[in-house]
Amino acid sequence: MGAYALIGAQWGDEGKGKVVDYLASKAQWVARYAGGNNAGHTVMNHGGTFSLHLVPSGIFQPDVSCVIGNGVVVNPEVLLEEIKGLSERGVDVSRIYLSERAHLIMPYHIQIDALEEEARGRASLGTTGTGVGPAYVDKASRTGIRAGDLLYLEDELLPRLKRVVEDKSRILTKLYGQPPLSLQEILDQCARWREGLKDLLRPTSFLMQQAIERGDTIIMEGAQGTLLDLDHGTYPYVTSSSASVGGAAAGLGIHPRSISGVIGVFKAYCTRVGSGPFPTEMLDEQADELRERAWEYGTTTGRARRIGWFDAVAARYSQHINGFSSLVLTRLDVLDGFPSVKICVGYELDGELLGYFPSGATQLQRCKPVYEEMPGWSDPTEGATRMEQLPAEAAAYVGRLEELIGCEFHLISTGPHRDETIMLKPMI
Ligand code: IMP
């Protein structure tokens, strides 16, 4: 019982979807608290392979209710499509609840995301183009449209929307030479969304509070990763939400004291998609081999992910930001067969060893990784379900990562399917 935050500890794409799906059988609730459909969580189970962008990864467990919290930005079109797709594949979608306070990604947010990226030119951030950033901008500038507003379309939303549409049209026409927006078109869209979403809308913070009082177990499903967090990531090459544990309480409307544990999900190596500093990036054939072997291509955008060795400096920083109480290691099997594996144990900057993760992207860009090299393993870890099945070198690698991060792995994933998992200690 209690709420457990499950956090991406690197640059996203750590394999959180599989872990949530695996743990969800012990929970009554799985709740997303941040991000939007820039996230892509892959779940493989008896029903096939599913790519989820907004619906929490607990949806495949018959007794789990799924919450899209107030901290998430929701593209109604994507959510309705996703629910329809799941339903057509036989998944019960009757237990999805959407916070009335969640902000909506409007069509102009997607348009502005693309135009801003184009205007940045060579300095582009490599966003997912889903409008997530501009939607959070409007939330902060108090011009956002919330899911609950759809219920009061004519009397409350219409006058506000009219002003927003005028403002956005000015930006689009004057700054970007685009045609103005049509208020009527947007209103018609809102009316359609209201029909599709009205039965899902709930005061989700209250639902969560009641669940906590009952002693239910809640998994707070993180999106993206700590190094993409708006405050703590590699700014400005970050997403626009609080992806780390700090965002979990705010994004669901529960108090921090109800968080019983913080689970950090690390991949056995690093990946990053989009622009930004990446000290351990590998630019050789080994990276290409690993990318193909692990199919490291974005679930949302299909972009090739950048590949790097495990960065223990960044990992320690992530531990410091989140205070993980247990860790998960994913995709260990991807390293099977490499003659040796490297771990970055320090950064060198201007001839000096840096003892911390720098806050400036330019500074981080200039950091040179200091590596520790360990022997690889030729016997497969793929599909292992017990620690004793791991080759000694793989076990040593896991042990060294634990030492460097300062926390224990309680679960190791050795393949994409539910049963390809080594459960060492209960986490929730
Ligand atoms: P945005 O979130 O679309 O604004 O993109 C900002 C940065 O975060 C870009 O570098 C994206 O590639 C990255 N990003 C956003 N969502 C994810 C994710 O789910 N996994 C990995 N990277 C992401």
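Residues numbered from 1 in each chain as written. Predicted model: local features only at pLDDT ≥ 70, side-chain atom pairs only at ≥ 80, totals over all residues. Heavy atoms only, no water.

K.L.:
Sorry if this is basic, but what is going on with the domain arrangement of the chain here?
P.N.:
Bring the parts together and some accessible area is lost; that lost area is often taken as the interface size. Examined at the domain level, the chain breaks down into domain 1 (2-100 + 201-263), domain 2 (103-197) and domain 3 (265-423). Here domain 1 and domain 2 have C-alpha centroids that lie 24 Å from each other. Each partner contributes to the interface: domain 1 provides 24 residues, whereas domain 2 provides 22 residues. Between domain 1 and domain 2, the buried area comes to about 1,900 Å², and carbon and sulfur atoms account for 63% of it. Per-residue buried area on domain 1 facing domain 2 is highest for Val73, Pro76 and Leu201; these three make up 29% of the total on that side. In this structure, the connection of domain 1 to domain 2 is made through one salt bridge. Put simply, Glu77 and Arg192 hold a salt bridge, and the shortest N to O gap is 3.4 Å. There are eight residue pairs in polar contact (both at pLDDT 80 or more) connecting domain 1 and domain 2. Listing elements by their share of the side of domain 1 that touches domain 2, those giving two or more residues are β6 (73-74), α2 (76-88) and β7 (96-99). (Domains from an automatic or database assignment. Contact = heavy atoms within 4.5 Å. Buried area = accessible area lost by both parts, 1.4 Å probe. Salt bridge = Lys/Arg side-chain N within 4 Å of Asp/Glu carboxyl O. Polar contact = N/O pair within 3.5 Å; in protein donor to acceptor, adjacent residues only side chain to side chain. Helix = DSSP H or I, 4+ residues; strand = E, 2+ residues; numbered from the N terminus.)

K.L.:
Could you clarify how one ought to interpret the pairing of strand β3 (residues 41-45) in this entry?
P.N.:
For a regular strand, the rule is simple: side chains alternate between the two faces of the sheet. Judged by which residues are buried, β3 turns out to be one-sided: His41, Val43 and Asn45 face inward and are buried, whereas Thr42 and Met44, on the alternate face, are not. Bridge count between β3 and strand β4 (residues 48-52): five bridges; the pairing is antiparallel. Bridge pairing links His41 to Leu52 in β4. (Buried < 20%, exposed > 50% of the residue type's maximum accessible area, 1.4 Å probe, protein only. Pairing = 2+ DSSP bridges.)

K.L.:
Quick question: what am I supposed to make of the environment of Asp199 here?
P.N.:
Along the polypeptide, Asp199 turns up in the loop between α6 (183-197) and β9 (201-202). Separated by 101 residues in the primary sequence, Asp199 and Leu98 place their C-alpha atoms 9.0 Å from one another.

K.L.:
How should I be thinking about the site of the ligand in this particular structure?
P.N.:
Around the ligand, a shell composed of 15 residues is seen, among which Asn38, Thr128, Thr239, Val273 and Arg303 lie nearest. One of the side-chain nitrogen or oxygen atoms of Arg303 is found 3.0 Å away from an oxygen atom of the ligand. For the shell around the ligand, the per-class residue count stands at six nonpolar, seven polar and two charged. (Near = heavy atom within 4 Å. Nonpolar A, V, L, I, M, F, W, Y, C, P; charged D, E, K, R; others polar.)

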